[in-house]
Amino acid sequence: MQEQITKIKQQAKEEIEKAESLKSLNDMRVKYLGKKGELTLILKGMGALTPEERPKIGSLINSAKDEVEQLIQEKEQKFKEEEINKKLKEETIDITLPSTKIKRGSKHPINRVIEEIEDLFVSMGYDVEVGPELETDEFCFERLNLPKGHPARDMQDSFYITNEYLLRTQTSAVQARTMLANEEKTPIRMICAGKTYRREDDATHSHQFGQVEGLVIDKKENNVSLADLKGTLEVFVKRLIGDNLSLRFRPSYFPFTEPSYEVDVSCFKCGGKGCSLCKQTGWIEILGAGIVHPNVLKMNGYDPEKFGGFAFGTGLDRLAMFKYGITDMRYLYTNDVRFLNQFDRKD
Ligand code: DAH
C-alpha cells in the first residue's frame, strides 16, 4: 500500500508539472483528491489493514494529499501570475498620448445676459419670477389696462391660438400675474426674463425674441418715484453694458404706465457722435418704463391710494447685441457653432 501511495504521488507530481491550464489543474484535483479520487479510494481500502498499520498508512495518505494539494496550489498561483502579467503587458496605456477632444457646448449669449441681469437684480433684493409663454388675453393685455379693442394692441401683432390664448407678446403679463398671486398684497420687487412672440420678421425683428421685465411696488409712504426708476435703470444698463454710457428719458406712451418713458442709451459704438448704428442720432433706444398705472394696480388687487411703483421692460436680444458687439440679430438664432463657440470661455 505504501508503494501504491508513492506511485500515485509520483504520478500526480508529473502530471501537475505537465499541466498547461487552470482547468487541467482542477481536473487533477478531482482525479487525486476528490471524493472518488485515487488517494481517497486508498483510504477506503484501509479496512483490510491491521490496527497497527492503519494510523501509519492513514497519515501517509494524508500527507500525500497535502503534498499534492500544495503542488496544485503552487502551479495555480503560477498560472494566475502569468495571466496577470500577460494582461498587464497587453493593456498598457500610453498616458502621454493626446486625449480625444470632447466637444463642449457653451452658454448661449442670451442666457448669459439673463443670468447676469438676474444676479444683478437679486443683489438689489428682487425676486426672479416666471410666467407661461402660452398666455391668456386677460393677463397679456386686459389686466395691463389694454382692454379688447384698445388701439395700443396694434403695436403688438400677436399669434392667437384661440380667441383667449396667445403666445405672449410681452413679459409684462408677469407683472399682472405676480401682483394677483401675491394675496397678502405686500410690496413687490421682481424681475422676469423669458421668451416673447410677435408676428414680425425682418432684418431687425424676429417672431421670437426675449424680454426682461421689472416691477417694483411699495407702500405709498415709501414714495417709490421716477428718481428710483432712473437710478435703477442706470445701474442696470451701466453694469450690463458699460460704465461710460449715459441714459436719456423720453416721454412716451404705454397703457400700463403713467407717465411712460422710452429710455435711450448713448451709442456705444460712436460714443454719441453719430454713426450708422445709432442712425446718426448718438442714441439707441433700449427700454420702456414708467410709473405703474393706477388701473393696473386696481385690476390686480392693489389699492392705488395705498400702493405705487415703477415698471420697465426691455429686449434681451438687443442687450446681448450691445453687450457683445453682435452686429446681426440673426446670429443669435441660427445656432452656428462658429458663432456660439466664441462665448465658450470661463466667466
Ligand atoms: N412691454 C413693453 C413692450 O413690449 C415694454 C414695457 C414698457 C414694459 C413699459 C414695461 C413698461 O414694464 O413699464 O413694448
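Anything mentioned here points back to the structure above.
The rules we used
- Residues numbered from 1 in each chain as written.
- Predicted model: local features only at pLDDT ≥ 70, side-chain atom pairs only at ≥ 80, totals over all residues.
- Heavy atoms only, no water.
- Core = buried A, V, L, I, M, F, W, Y, C linked by side-chain atoms within 4.5 Å.
- Buried < 20%, exposed > 50% of the residue type's maximum accessible area, 1.4 Å probe, protein only.
- Helix = DSSP H or I, 4+ residues; strand = E, 2+ residues; numbered from the N terminus.
- Contact = heavy atoms within 4.5 Å.
- Near = heavy atom within 4 Å.
- Polar contact = N/O pair within 3.5 Å; in protein donor to acceptor, adjacent residues only side chain to side chain.
- Areas by Shrake-Rupley, 256 points an atom, 1.4 Å probe, with all protein chains shown as cover.
- Nonpolar A, V, L, I, M, F, W, Y, C, P; charged D, E, K, R; others polar.
- Pairing = 2+ DSSP bridges.
- Axes fitted to C-alpha atoms, helices over the stretch in contact; angles between N-to-C directions.
- 1 Å grid on protein atoms, 1.4 Å probe; cavity = no way out; pocket = protein on both sides within 12 Å on 5 of 7 lines; lining within 4 Å.
- Points joined across faces, edges and corners; volume = space filled by probe spheres on them.

Q: Looking at this structure, how should I read the nonpolar core?
A: Soluble, globular proteins show a tendency: their nonpolar side chains are buried together. By size, the foremost hydrophobic cluster in this structure holds 46 residues, and its most contacted members are Ile 117, Leu 233, Phe 236 and Phe 312. For this core, the leading source of residues is helix 5 (residues 109–123), giving six residues. With sequence-adjacent residues up to four places away left out, Phe 312 is seen in contact with Phe 121, Ile 191, Val 212, Glu 213, Gly 214, Leu 229, Leu 233, Phe 236, Leu 287, Gly 288 and Ala 289. Residues Phe 139, Leu 144, Ala 152 and Leu 166 belong to the second largest nonpolar core, which totals 23 residues.

Q: Looking at this structure, I do not really get the site of the ligand. What am I missing?
A: The environment of the ligand is formed by 16 residues, the closest being Gln 170, Ser 172, Arg 198, Gln 211 and Glu 213. Here an oxygen atom of the ligand and a side-chain polar atom of Gln 175 are 2.9 Å apart. In this structure, an oxygen atom belonging to the ligand sits 2.9 Å away from a side-chain N or O atom of Gln 211. Alone, the ligand offers 350 Å² of accessible surface; in the complex the protein occludes 91% of this. Per-class residue counts for the shell around the ligand are five nonpolar, nine polar and two charged.

Q: Which parts of the structure should I look at to understand the pairing of strand 8 (residues 283–292)?
A: On any regular strand, side chains alternate: one points to one face of the sheet, the next to the other face. Within strand 8, eight of the 10 residues are buried, leaving the element largely enclosed by the surrounding structure. Relative to strand 8, strand 7 (residues 257–266) runs antiparallel, the two being bridged by eight bridges. Its bridge partner lying in strand 8, Ser 260 is registered against Gly 290. When strand 8 meets strand 9 (residues 307–315), the two strands line up antiparallel, connected through five bridges. What sits directly across from Gly 290, in strand 9, is Ala 311.

Q: Sorry, what's going on with the side chain of Ser 172 here?
A: For Ser 172, the location among the structural elements is in the loop between strand 3 (165–167) and helix 7 (173–181). For Ser 172, a relative accessible area of 4% puts it in the buried group. Reaching out from Ser 172, the side chain makes a polar contact with the side chain of Glu 213 at a distance of 2.9 Å. Excluding residues that lie within four positions of it along the chain, Ser 172 makes contacts with Leu 144, Glu 213 and Phe 256.

Q: Would you explain the sheet that holds strand 1 (residues 127–128) in this entry?
A: Each strand in a sheet pairs with its neighbour through backbone hydrogen bonds, running either in the same direction (parallel) or in the opposite one (antiparallel). Taken in spatial order, the seven strands of this open sheet run 1-4-5-9-8-7-6, and their pairing is mixed. The sheet terminates laterally at strand 1 and strand 6 (247–254), the two strands that pair on one side only. In this sheet, strand 5 (residues 208–219) lies alongside strand 4 (residues 188–197) in antiparallel orientation, the contact comprising 10 bridges. Each residue of the ladder has a partner; that of Lys 195, found in strand 5, is Gly 210. Set on the sheet, helix 5 makes contact with strand 1, strand 4, strand 5 and strand 9; between it and strand 4 the angle comes to about 170°. On top of the sheet, helix 10 (residues 316–324) reaches strand 4, strand 5, strand 8 and strand 9; it is set at about 60° to strand 9, its chief contact.

Q: Explain empty space enclosed by the protein here, please?
A: Scanning the model with the defined rule gives one cavity of 30 Å³ or more in all. In this structure, the largest cavity occupies an estimated 40 Å³ of space. Residue lining of the largest cavity: Phe 141, Leu 146, Ala 152, Met 155, Gln 156, Pro 255 and Phe 256, and that is the complete set. Taken together, the residues that form the lining of the largest cavity break down as six nonpolar, one polar and no charged.

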